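# Notes for the structure review
The residues making up each chain are set out below.
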Amino acid sequence: GEVFAPRARDAPARRAIDGELGWNSTDSPEHRRAAARLLVANADALVRFAGRGCRRARRRRAADARSAPLADPDLADACPDDALATIDALLRIIAAELLDPDAAPISIEGAPAAPAAAVIGYLRDRVGVPRDCAHPVAHELRARLSALRGRLLEAG
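Residues numbered from 1 in each chain as written. Predicted model: local features only at pLDDT ≥ 70, side-chain atom pairs only at ≥ 80, totals over all residues. Heavy atoms only, no water.

Model confidence for the protein is summarised by a mean pLDDT of 81, while 74% of its residues fall at 70 or above. No element of the protein has a lower mean pLDDT than helix α1 (residues 11–17), which averages 71, and none a higher one than helix α2 (residues 29–41), which averages 94. (pLDDT = per-residue confidence, 0-100. Helix = DSSP H or I, 4+ residues; strand = E, 2+ residues; numbered from the N terminus.)

What follows is the structure, given as structure tokens:
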């Protein structure tokens, strides 16, 4: 099969799906609460999963190159414990901001900007609909993940 390669003309749609445009057709307290509940109820698993974003990829075999680009069977195993603690703190920030979107943004001072942004982007790119949650909930979660990623990149 063919490997999916994003095209430049698809970028605006991708940015809208990821919640990067600021416009949000599904903005509702119910969807934000559901997204926060998803983060809190699955915190340990999500921290470990997001931690895959800080891992180093092994060299892909030719047969693996044809697989889905977001499936990561080629990642090395270890993610440092201190990185997991940072990821946990970042996901807690997202949950808090989902529950109170009008509050001042929570400080991200001290988070290693580039690695943290990579981890948050990794998780954002892998929120699945309907596997993980309904579309409006996923949109809220992706929007908050994108916003935090942007703040991390600006701080770095």
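Moving on, we get to the packing of aromatic side chains. For the coordinates displayed, the defined rule picks out one aromatic pair. Pairing F49 with Y122 gives two aromatic rings, centres 5.6 Å apart and planes at 50°, and the pair type is tilted. Here the residue F49 occupies a position in helix α3 (residues 43–50), and Y122 occupies one in helix α5 (residues 113–124), the gap between them amounting to 73 residues. The class of F49 is partly exposed, set by a relative accessible area of 29%. Relative accessible area serves as the criterion here: at 9%, Y122 is assigned to the buried category. (Phe/Tyr/Trp six-rings, centres within 6.5 Å; stacked < 30°, edge-to-face > 60°. Buried < 20%, exposed > 50% of the residue type's maximum accessible area, 1.4 Å probe, protein only.)

Inspection of every chain in the model, using the stated rule, returns four salt bridges. Put simply, E97 and R151 hold a salt bridge, and the shortest N to O gap is 2.9 Å. In this pair, E97 sits in helix α4 (residues 81–99) while R151 sits in helix α6 (residues 135–155), placing the two residues 54 residues apart along the sequence. Its salt-bridge partner being R124, residue D125 comes within 3.0 Å of it at the nearest N-O pair. Looking at R124, the relative accessible area reads 7%, which means it is buried. (Salt bridge = Lys/Arg side-chain N within 4 Å of Asp/Glu carboxyl O.)

Structurally, the α-helix is built with 3.6 residues per turn, so residues lying three or four positions apart point the same way. For α6, with 21 residues, the first-to-last C-alpha span of 30 Å sits near the 30 Å given by 1.5 Å per residue. V137, A138, H139, E140, L141, R142, A143, L145, S146, L148 and L152 are the residues of α6 that are buried. (Expected span 1.5 Å × (residues − 1).)

If you look at the biggest cluster of nonpolar residues, it comprises 29 residues, and the most contacted ones within it are L91, I94 and L141. Looking at this core, the elements that each hand over two or more residues are α2, α3, α4, α5 and α6. Take this core: its biggest share by element is seven residues, from α4. Aside from chain neighbours lying at most four places away, what touches L141 is A35, L38, L39, I94, L98 and V127. (Core = buried A, V, L, I, M, F, W, Y, C linked by side-chain atoms within 4.5 Å. Contact = heavy atoms within 4.5 Å.)

Turning our attention to the environment of E30. Summarising the element assignment, E30 is placed in helix α2. Residues E30 and P136, spaced 106 residues apart in sequence, show a C-alpha to C-alpha distance of 9.6 Å.

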